[in-house]
Amino acid sequence: VEEVIEQADYLYGSGETEKLHRLLVQHKNSDDAELLWRLARASRDLAQLSSTSAEEKRQLAYEALEYAKKALEKNEANFAAHKWYAICLSDVGDFEGIKTKIGNAFVIKEHFQRAIELNPKDATTIHLIGIWCYSFAEMPWYQRKIAATLFATPPTSTFQEYAAHSHLKLFSCLYTADPNFYSKNLLFLGKTYLKLNNKKMALLWLSKAKEYPAHTEEDKQV
């Protein structure tokens, strides 16, 4: 198992998405949470590729969720299993409509928070809670109405809350080799400051996002 994980991490670091998925899918019946969450991530990454068809994207999204769910069942104390379960649950919501997506919101945030409890220095999860906050701060009125019918207290957030999370994320990244961490975090910080009418800070972060070297498919979109 350790050899497979080592090989998988090398392929992930090299951006070999298809090779990585081919390697890990051979172990889909494994009982090892470390292998399973990596397979969930690899399935999701494969779905993100522009060369993947719409039908394949859907299938991979549901498969990724199953692998992440299985990883959690095998080891509830694995922070990455919680993180990828939340990410994959959010992805599946894109295929199931706005009611399901809003309905899953609390579950998603709970798993992100559990992941941070288990690993407080994981920059990715802190960033993702920030995205969660941003998406609810920006929720249009008709979605808020749906949320109000689903929950006694629907999930809410503010741009101030998002900005606080994003700054926390950037501070946590001072412990890593790259203090900027992720292009999307820079982009969302800029967008948040625009919403707060702070044009000076918005320009700073949007400029950083523009200058960030593109390593992944998502970086290129930014």
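How each quantity is defined
Residues numbered from 1 in each chain as written. Predicted model: local features only at pLDDT ≥ 70, side-chain atom pairs only at ≥ 80, totals over all residues. Heavy atoms only, no water. Helix = DSSP H or I, 4+ residues; strand = E, 2+ residues; numbered from the N terminus. Buried < 20%, exposed > 50% of the residue type's maximum accessible area, 1.4 Å probe, protein only. Contact = heavy atoms within 4.5 Å. Areas by Shrake-Rupley, 256 points an atom, 1.4 Å probe, with all protein chains shown as cover. pLDDT = per-residue confidence, 0-100. Axes fitted to C-alpha atoms, helices over the stretch in contact; angles between N-to-C directions. Parallel < 35°, antiparallel > 145°, perpendicular 65-115°, else oblique. Left-handed = near helix turned anticlockwise from the far one by under 90°. Nonpolar A, V, L, I, M, F, W, Y, C, P; charged D, E, K, R; others polar. Expected span 1.5 Å × (residues − 1). Core = buried A, V, L, I, M, F, W, Y, C linked by side-chain atoms within 4.5 Å. Arc of directions from axis to C-beta.

Undergrad: Explanation requested: the overall build of the chain in the structure shown.
TA: Looking only at helices and strands, one finds 13 helices and 0 strands in the chain. Reading the chain from its N end, one meets helices and strands in the order α-α-α-α-α-α-α-α-α-α-α-α-α. Among the 222 residues that make up the chain, the fraction classed as buried is 44%. Taking contacts inside the chain between residues at least 6 apart in sequence as the whole, the part at least 24 apart equals 61%. For the chain, the accessible area works out to roughly 12,100 Å², and carbon and sulfur atoms hold 53% of it.

Undergrad: It is not clear to me how the confidence of the model for the chain should be interpreted in this structure. Could you clarify?
TA: Detailed reading of predicted coordinates is not advised where the pLDDT is low. With 81% of its residues at a pLDDT of at least 70, the chain reaches an overall mean of 83. The low-confidence segment residues 174–178, where pLDDT is below 50, has 3 contacts with residues more than four positions distant or belonging to other chains.

Undergrad: Could you clarify how one ought to interpret the environment of L72 in this entry?
TA: With respect to the helices and strands, L72 occurs in helix 4 (residues 54–74). Classification of L72 by relative accessible area gives buried; the value is 13%. Considered as a pair, L72 and A33 are 39 residues apart in the sequence and their alpha carbons are 7.0 Å apart. Look past the residues within four positions of L72 in its chain and what remains in contact with it is A81, H82, Y85 and H111.

Undergrad: Please clarify how the packing of helix 7 (residues 105–118) against helix 8 (residues 123–137) should be interpreted in this entry.
TA: The description of two helices packed together rests on the angle between their axes and the distance between the axes. Contact geometry of helix 7 with helix 8 gives a least axis separation of 9 Å together with a crossing angle of 155°. On the basis of the axis angle, helix 7 is roughly antiparallel to helix 8. Crossing angle aside, the handedness with which helix 7 passes helix 8 is left-handed. Here helix 7 contributes A105, I108, K109, F112, Q113, A115 and I116 to the contact with helix 8, which in turn contributes T125, I126, L128, I129, W132 and F136. Considering only residue class, the contact of helix 7 with helix 8 consists of 10 nonpolar, 2 polar and 1 charged.

Undergrad: Help me understand helix 3 (residues 33–48), please; the structure alone is not making it clear to me.
TA: Counting along an α-helix, one turn takes 3.6 residues, and residues three or four places apart therefore face a common direction. When the terminal C-alpha atoms of helix 3 are compared, their 23 Å separation across 16 residues agrees well with the 22 Å that a helix rising 1.5 Å per residue should span. With 13 of 16 residues buried, helix 3 lies mostly within the body of the structure.

Undergrad: Looking at this structure, how should I read the nonpolar core?
TA: In globular proteins that are soluble, nonpolar side chains generally tend to be buried together. Counting 42 residues, the largest nonpolar core has L24 and F112 as its most contacted members. Elements that contribute at least two residues to this core include exactly helix 1 (2–13), helix 2 (17–25), helix 3, helix 4, helix 5 (79–96), helix 7, helix 8 and helix 9 (141–150). In this structure F112 touches K83, A86, I87, T125, L128 and I129, once residues within four positions along its chain are discounted. Counting 7 residues, the second-largest nonpolar core is a separate cluster that includes L186, L189, W205 and Y212.

Undergrad: Honestly, helix 1 in this entry has me stumped. Any pointers?
TA: Compared with an ideal rise of 1.5 Å per residue, which puts 12 residues at 16 Å, helix 1 spans 16 Å between its outermost C-alpha atoms and is within 8% of the ideal. Inspection of helix 1 places V4, I5, A8 and L11 among the buried residues, and these make up the whole buried set. End-on view of helix 1: buried residues confined to an arc of 125°, all on one side of the axis. Helix 1 presents E2, E3, E6, Y10 and G13 as exposed residues on the side facing more than 90 degrees away from its buried surface. Taken together, the buried residues of helix 1 touch helix 2 and helix 3. At the C-terminal side of helix 1, G15 shows a positive phi close to 75°.

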